[in-house]
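Report on the structure
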Amino acid sequence: TDWSDSPVYVLTAGNLGNFKMTVEAKNDAGETAEYDNDGVVVKTPCPLMFLAPRAAEGVVATFPYATRTTAATNIADLLPYVANGTEIIALKGRHALTEATVFNGATKFHGEGAPEETLFYRANNEYFRCFAMNVAGGEFFNVAVSNAFQSGSTGNALQISDGVVSNCLFANCQESSTGSA
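Counting from 1, residues in each chain are numbered in the order their sequence is written. Where totals are concerned, whole chains, interfaces and linings use all residues; where local detail is concerned, this predicted model gives features only for residues with pLDDT of at least 70, and gives and counts side-chain atom pairs only at 80 or more. The basis for every side-chain value is the complete set of heavy atoms in the structure, and neither hydrogens nor water enter the calculation.

Considerations on the overall build of the protein chain
Keep this limit in mind: Going along the chain from the N terminus, every DSSP run of H or I of four or more residues is numbered as a helix, and every run of E of two or more is numbered as a strand. Each residue is assigned to one of three classes by its accessible area relative to the maximum for its type, calculated with a 1.4 Å probe on protein chains only: buried under 20%, partly exposed between the two thresholds, exposed over 50%. Residues count as neighbours in contact if any of their non-hydrogen atoms are within 4.5 Å of one another. Using a 1.4 Å probe, the Shrake-Rupley method yields the accessible areas, and only the shown protein chains count as cover for residues.
On a plain count of helices and strands, the protein chain comes out with one helix and 16 strands. The buried share of the protein chain, reckoned over its 181 residues, is 34%. Across the protein chain, the fraction of contacts at a sequence separation of at least 24, relative to all contacts at a separation of at least 6, is 60%. Carbon and sulfur atoms form 48% of the exposed surface of the protein chain, whose accessible area is close to 10300 Å².

Structure (structure tokens):
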């Protein structure tokens, strides 16, 4: 069967999970048949992703966020696709965080310039640790974190498990009990 004229279906980030698809096939004699198929879309780790500030000019967030012009504008959109070895480059600017960012893979997370050029800040009055890297081998560098506040736990700006933190700035970060990062 020649499938060269068949439609191509692309399922992206918003389409994770189970789906049903009906395919109509037509042979050379003009006879048609319909086939119902079940399928599943699973997450696929991306090796390199970009993150832009929410109001970044010229950026149209498009999965898999692999270029500066298709960068994600919300860090939560990247997280389902992070795995061991994923590199995330945060573009220069102010990045608002509205919830904790937890990396569950040995991620290389960094700003594209000097730390003061890529700022992450807690944008609401909720208490949360800004960043957590829960797998050994993560890297966190060239970013600034401000206004972090964690209540009742240790650490507030960054918690990292056996990884590397370098060339970062932490300012106005608070913790309501003991310890901080």
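From this point, the narrative continues.
A few points about the nonpolar core
The following threshold applies: We define the nonpolar core as a collection of buried residues of types Ala, Val, Leu, Ile, Met, Phe, Trp, Tyr and Cys that are connected through side-chain atoms lying within 4.5 Å of one another.
Phe109, Phe131 and Phe140 are the most contacted members of the largest nonpolar core, which has 26 residues in total. At the level of secondary structure, the elements contributing two or more residues to this core comprise strand E3 (48-51), helix H1 (75-78), strand E4 (87-90) and strand E9 (131-133). For Phe109, the contacting residues outside a window of four places in its chain are Ile75, Ile88, Ala90, Phe103, Phe120, Phe131, Met133, Glu139, Phe140, Phe141 and Val143. Listed in part, the six residues of the second largest apolar core include Phe50, Ala71, Ile89 and Leu91.

Looking at the environment of Ala66
Residue position: Ala66 is located in the loop between E3 and H1. Exposure remark for Ala66: the relative accessible area of 38% places this residue in the partly exposed category. Filtering out sequence-adjacent residues up to four positions away, Ala66 remains in contact with Leu48 and Phe50.

A look at empty space enclosed by the protein
If a probe as big as a water molecule is rolled over the atoms, it shows which places are left empty. Cut-off, in case you're wondering: Here a cavity means grid points, on a 1 Å grid over the protein atoms only, where a 1.4 Å probe fits yet cannot get out; a pocket means an open set of points with protein on both sides within 12 Å along at least five of seven lines; lining residues are those with an atom within 4 Å of a point. Grid points are joined across faces, edges and corners, and a volume is the space filled by probe spheres set on the points. Basically, the charged four are Asp, Glu, Lys and Arg, the nonpolar ten are Ala, Val, Leu, Ile, Met, Phe, Trp, Tyr, Cys and Pro, and anything else, Gly included, counts as polar.
Applying the stated criterion to the full structure yields two cavities of 30 Å³ or more. Size it by volume and the largest cavity reaches roughly 60 Å³. Taken together, Leu51, Ala52, Pro53, Arg54, Thr73, Asn74, Ile75, His95, Ala96, Leu97 and Phe120 form the lining of the largest cavity. Broken down by element, the residue count for the lining of the largest cavity peaks at three residues, all from strand E5 (residues 93-97). Tallied by class, the residues present in the lining of the largest cavity amount to seven nonpolar, three polar and one charged. Looking at the second largest cavity, the residues that line it are Arg54, Asn74, Ile75, Ala76, Ala96, Leu97, Thr98 and Glu99. Counting residues per element, the ones that place at least two in the lining of the second largest cavity are H1 and E5. Partitioned by chemical class, the residues of the lining of the second largest cavity number four nonpolar, two polar and two charged.

Topic: the sheet that holds strand E8 (residues 118-122)
Heads up, the condition is: By definition, two strands form a pair when at least two bridges between them are found by DSSP. Lines fitted to C-alpha atoms define the axes, with helix axes restricted to the stretch in contact, and inter-axis angles between N-to-C directions lie between 0 and 180 degrees.
The sheet built from four strands is open, its strands ordered E5-E8-E11-E15 with parallel pairing. Both outer strands of the open sheet, E5 and strand E15 (169-171), are each paired with one neighbouring strand and no more. For this sheet, the mean angle separating the axes of adjacent strands, direction not counted, is 20°. Across three bridges, the pairing between E8 and strand E11 (residues 144-146) is parallel. Paired with Leu119 across the two strands is Ala144, which belongs to E11.

Comments concerning the packing of aromatic side chains
This is how the line gets drawn: Two rings belonging to Phe, Tyr or Trp (six-membered ring only in the last case) form a pair when the distance between their centres is within 6.5 Å. Interplanar angles under 30 degrees mark stacking, angles over 60 mark edge-to-face geometry, and anything in between is tilted.
Scanning all chains against the criterion turns up nine aromatic pairs. For the pair Phe63 and Tyr81, a centre-to-centre distance of 4.4 Å together with 50° between the ring planes defines the contact as tilted. Taken together, the residues Phe63 in the loop between E3 and H1 and Tyr81 in the loop between H1 and E4 connect sequence positions 18 residues apart. The exposure class assigned to Phe63 is partly exposed, which follows from its relative accessible area of 24%. For the pair Phe120 and Phe131, a centre-to-centre distance of 5.3 Å together with 85° between the ring planes defines the contact as edge-to-face. Of this pair, Phe120 sits in strand E8 while Phe131 sits in strand E9, and the two are 11 residues apart along the sequence.

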